[in-house]
Amino acid sequence: MTQTFVDAAGLAQIDRDRSAMIAEAEGHAALQVLEKLGDDDWRRPTDCVEWDVRTLVSHLVAQCEDNISLRTMLRREIAGRRRHRGKGPIDAHMAAQVEDHTEASGPDLVAEFAELWPRAVQARRSRPGPMRRANLDTGMPTAPRVSVGNLLDTIYNRDLWMHRIDLARATGQTITVGDHDGQIVEQAVRDLALAWSKAPIALELTGPAGGTWLIGSGEPKAVIRADTLHYMRALAGRDPDVALELVSGAESALAAARRARIVF
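What you see is a predicted model; the values in this text were computed from it and never measured.

**Brief notes about the pattern of salt bridges**
Counted according to the given criterion, the structure contains 22 salt bridges. For R125, the salt bridge is made with D17, and the minimal N-O distance between the two is 2.6 Å. Placement of R125 in helix α5 (residues 106–125) and of D17 in helix α1 (residues 16–34) is noted, with a sequence separation of 108 residues between them. We classify R125 as partly exposed; its relative accessible area is 35%. Here R238 and D166 are joined by a salt bridge, their closest N and O atoms 2.7 Å apart. Note that R238 is positioned in the loop between α9 (228–235) and β7 (245–249) and D166 in helix α7 (residues 148–171), a separation of 72 residues in sequence. Each of E65, D66, R75, R76 and D100 takes part in one network of salt bridges that share partners.

Given below as structure tokens:
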């Protein structure tokens, strides 16, 4: 059975050059969503429960600024810890990001994103090797530390991808899927496999950007099927009750797949 599945943990981590190509494609796809936002959209709630559409877009702009300027990132890190002591480090940092853009209009934020995202992509690509090899605490109790290189090359693209889905869902836009989406999903499944500590399973993700992977080491004890976008949302904590189909195997494997989380 294992011969029919791709070993997700054995997939190569994406490199900086391929990451930049994916980032360019994802930035273009995100901008298509942003440019369709109308006056009635900015206060709509999103799947990020503390953020409406305008606040989410301000986070995307601030993320670009952090990518471009390490000084800006450090300033917000310090400000977040001082102002939001009850939040974890990541949430505190994002709160500081949003606070820097409270006066900006929605259309202005879209224009800023269009100008800053290409610069952010190149800034991430140019970060030196010693910096990339450093490890960071994600602030998630169940998630392992991640390298700065993984953050720069994988997680920032994944974050924008998921927020594009958030925005499309919040405003009733169609979620478009291109060639690069499959590479983002594949790297997410790789991270899931590297963090997996339960019995091995086969994961079949259906629809565009999907695939079939072995999660864990050895003969899979269960085969689980899910819609690709729905399951990615579940891994990001958006949809913990996502519908998973147990094609064969044990209910315990299904429960483990439903509880799984990775860094977005």
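Continuing now.
**Details of the sheet that holds strand β1 (residues 6–7)**
Taken in spatial order, the 5 strands make up an open sheet running β1-β5-β4-β6-β7, and their pairing is mixed. In this open sheet, the two edge strands, each paired with only one partner strand, are β1 and β7. Relative to strand β5 (residues 211–215), β1 runs parallel, the two sharing 2 bridges. Of the residues in β5, the one forming a bridge with V6 is W213. Sitting on the sheet, α9 is in contact with β4 (201–206) and β6 (222–227), with an inclination near 100° to β6.

Criteria and cut-off values
Every residue gets a number counted from 1 within its own chain, in the order that chain's sequence is written. pLDDT decides what is reported in this predicted model: residues at 70 or higher carry local features, side-chain atom pairs at 80 or more are listed and counted, and totals for whole chains, interfaces and linings draw on all residues regardless. The side-chain values count all of the structure's non-hydrogen atoms but skip hydrogen atoms and water molecules. Any Lys or Arg side-chain nitrogen found within 4 Å of a carboxyl oxygen on Asp or Glu counts as a salt bridge. Put simply, DSSP marks the helices as runs of H or I at least four residues long and the strands as runs of E at least two long, and each gets a number from the N terminus on. Buried residues are those whose accessible area, probed at 1.4 Å on protein chains only, stays under 20% of the maximum for their type, while exposed residues exceed 50% and partly exposed ones sit between those limits. Whether two strands pair comes down to DSSP finding at least two bridges between them. Any two residues whose heavy atoms approach within 4.5 Å at even a single point are treated as in contact. Every axis in this analysis is a line fitted to C-alpha atoms, fitted for helices over the stretch in contact. Angles between the N-to-C directions lie between 0 and 180 degrees.

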